[in-house]
Amino acid sequence: MTPDRALATAGLALILALGAASAAGAPPGPAIRVVDDRNREVVLAAPARRAVTLAPHATELVYAAGAGDHIAATIRGSDYPPAARRLPVIGDGTQPDPERVAAARPDLLIAWQAAPAEALVRVMDKLGVPVFYSDPPTLAAIPDAVERMGVLFGTEPRARAAAQDMRARLAALQARYAGRRPVRVFVQAGLDPIFTLNDSSIVSDALRACGGVNVFGQAPVVAPQVTLESVLAARPEAVLAGVSRPEDTPRNLAAWRAMGLPAARQGHVYGIDADALYRPGPRLLDAAEALCADLDRLRG
């Protein structure tokens, strides 16, 4: 089946499903209005009860807001919290399957990047299914995102409590490390070839909370490829990498030592769970706390 035919079939199925749900539903209450991370006002007639999430961090935000039971389906890779692993899967983040989305009978689609979801979003728009874009740019935006999920799902008390706890932890982190000596850090986003991240990434925002300085923070693109010579010339005191397994960190350390990085000779190569570090969700605060502790030990 061609993509256009699949979208048309999915659209018809969704129209029928939404029509049946509307006929059986209760009278509408006051509209719910929330501004998303693309500065669009998203309007729901009632709290979402069958959402589809198109990014792992969005799934984590919904669970943090106390609304995990209202996720009808998600994408491959949405694996936290453990309950998320039992959710139906509608494809991956780059190619969500429109027929599977339709089968989930969504009343809300939570997307991340516009391009991969473009075709699916067009169908949702035509069918009147609200689309909310979630992409928190900073640590401080994560508790805000949790609160907005609480509004979308009608779980405001639980979402507000979770957000307040996150804000308190972030404030404590910033207060603790505000006066500490800055530490120059290379953010390793890839090793062969070598990639890094600039200051527009949320990882750099976590670094700033710890008193860290991204040595490639002023790079003109978010994830530039860099040379070994440029890394050595930047004189980082530490290397930070997202890792999938505990054994990845000693491998990174050995690789940087072999490449002659002085920070590696002193053992200052740190690994943090990649999902926690790179997803703009609640666990990034855990990652920031671990990162701050690592950098503080380096200061001595």
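Small disclaimer: the values here were computed from a predicted structure and weren't measured.

A. Representation of the overall build of the chain within the structure. Scanning the chain from N- to C-terminus turns up twelve helices and twelve strands. Here the C-alpha radius of gyration of the chain, 21 Å, is about what a compact globule of 300 residues would show, namely 19 Å. Expressed as lengths along the three principal axes of its C-alpha atoms, the size of the chain is roughly 65 × 45 × 35 Å. When the accessible surface of the chain is totalled, it reaches about 14100 Å², and 55% of it is carbon and sulfur.

B. A look at unusual backbone geometry. A cis amide bond links Y80 to the next residue, P81, at an omega of -5 degrees. Tracing the sequence through the fold places P81 in the loop between β4 (71–73) and α3 (98–103). For the peptide bond that leads from D192 to P193, omega is 5 degrees, which places it in the cis range. Residue position: P193 is located in the loop between β8 (190–191) and β9 (194–195). With a phi close to 50 degrees, R105 is a non-glycine residue in the positive phi region. Counting through the fold element by element, R105 comes out in the loop between α3 and β5 (108–111). The backbone phi angle of R235 is positive, close to 55 degrees, even though this residue is not glycine. Look at R235 and you get exposed, because its relative accessible area is 59%.

C. Highlighting the packing of aromatic side chains. Across all of its chains, the model carries two aromatic pairs by this definition. A ring pair is formed by F186 and F216, whose centres lie 5.8 Å apart and whose planes are at 75 degrees; its orientation type is edge-to-face. Here F216 lies in the loop between β10 (212–214) and α8 (228–234) and F186 lies in strand β7 (residues 183–188), a separation of 30 residues in the sequence. Look at F186 and W256: their rings are 5.6 Å apart centre to centre, the planes differ by 70 degrees, and that puts the pair in the edge-to-face class. Of this pair, F186 sits in strand β7 while W256 sits in helix α9 (residues 248–258), placing them 70 residues apart in sequence. Judged by its relative accessible area of 0%, F186 is buried. Each residue in the set F186, F216 and W256 is aromatic and connected to the rest through ring pairs, giving one cluster. The ring of Y80 carries the charged tip of R283 above its face, separated from the ring centre by 3.9 Å.

D. Layout of the packing of helix α6 (residues 156–177) against helix α12 (residues 283–299). In the contact formed by α6 and α12, the axes pass within 11 Å of each other and the chain directions differ by 15 degrees. Here α6 lies roughly parallel to α12, going by the angle between them. In the packing of α6 onto α12, the handedness of the crossing is left-handed. On α12, the residues that touch M166, R169, L170, L173 and Y177 of α6 are L285, D286, A288, E289, C292, A293, D296 and R299. Its residues assigned to classes, the contact of α6 with α12 shows eight nonpolar, no polar and five charged.

E. How the structure looks around the pattern of salt bridges. Overall, the coordinates contain 22 salt bridges when judged by the stated rule. A salt bridge links D248 to R251, with the shortest nitrogen-to-oxygen separation between them at 3.9 Å. Here D248 and its partner R251 are both found in helix α9, three residues apart, which amounts to about one turn of the helix. The structure contains a network of salt bridges with shared partners spanning E60, D79, D275, R279 and R283.

F. Structural detail: the packing of helix α5 (residues 141–153) against α6. For the pair α5 and α6, interaxial distance at closest approach is 8 Å and the crossing angle is 175 degrees. Our classification of the angle between α5 and α6 gives roughly antiparallel. Note on element contacts: α6 touches α5 through E156, A159, R160, A162, A163, M166 and R167, opposite I142, P143, D144, V146, E147, G150 and V151. A breakdown of the residues in the contact of α5 with α6 according to their chemical character gives eight nonpolar, one polar and five charged.

Conventions used here
Residues numbered from 1 in each chain as written. Predicted model: local features only at pLDDT ≥ 70, side-chain atom pairs only at ≥ 80, totals over all residues. Heavy atoms only, no water. Helix = DSSP H or I, 4+ residues; strand = E, 2+ residues; numbered from the N terminus. Rg over C-alpha atoms; globule rule 2.2 N^0.38 Å. Areas by Shrake-Rupley, 256 points an atom, 1.4 Å probe, with all protein chains shown as cover. Buried < 20%, exposed > 50% of the residue type's maximum accessible area, 1.4 Å probe, protein only. Phe/Tyr/Trp six-rings, centres within 6.5 Å; stacked < 30°, edge-to-face > 60°. Lys NZ or Arg CZ within 6 Å of the ring centre and 35° of its normal. Axes fitted to C-alpha atoms, helices over the stretch in contact; angles between N-to-C directions. Parallel < 35°, antiparallel > 145°, perpendicular 65-115°, else oblique. Left-handed = near helix turned anticlockwise from the far one by under 90°. Contact = heavy atoms within 4.5 Å. Nonpolar A, V, L, I, M, F, W, Y, C, P; charged D, E, K, R; others polar. Salt bridge = Lys/Arg side-chain N within 4 Å of Asp/Glu carboxyl O.

Nothing here speaks to function; it is all geometry.
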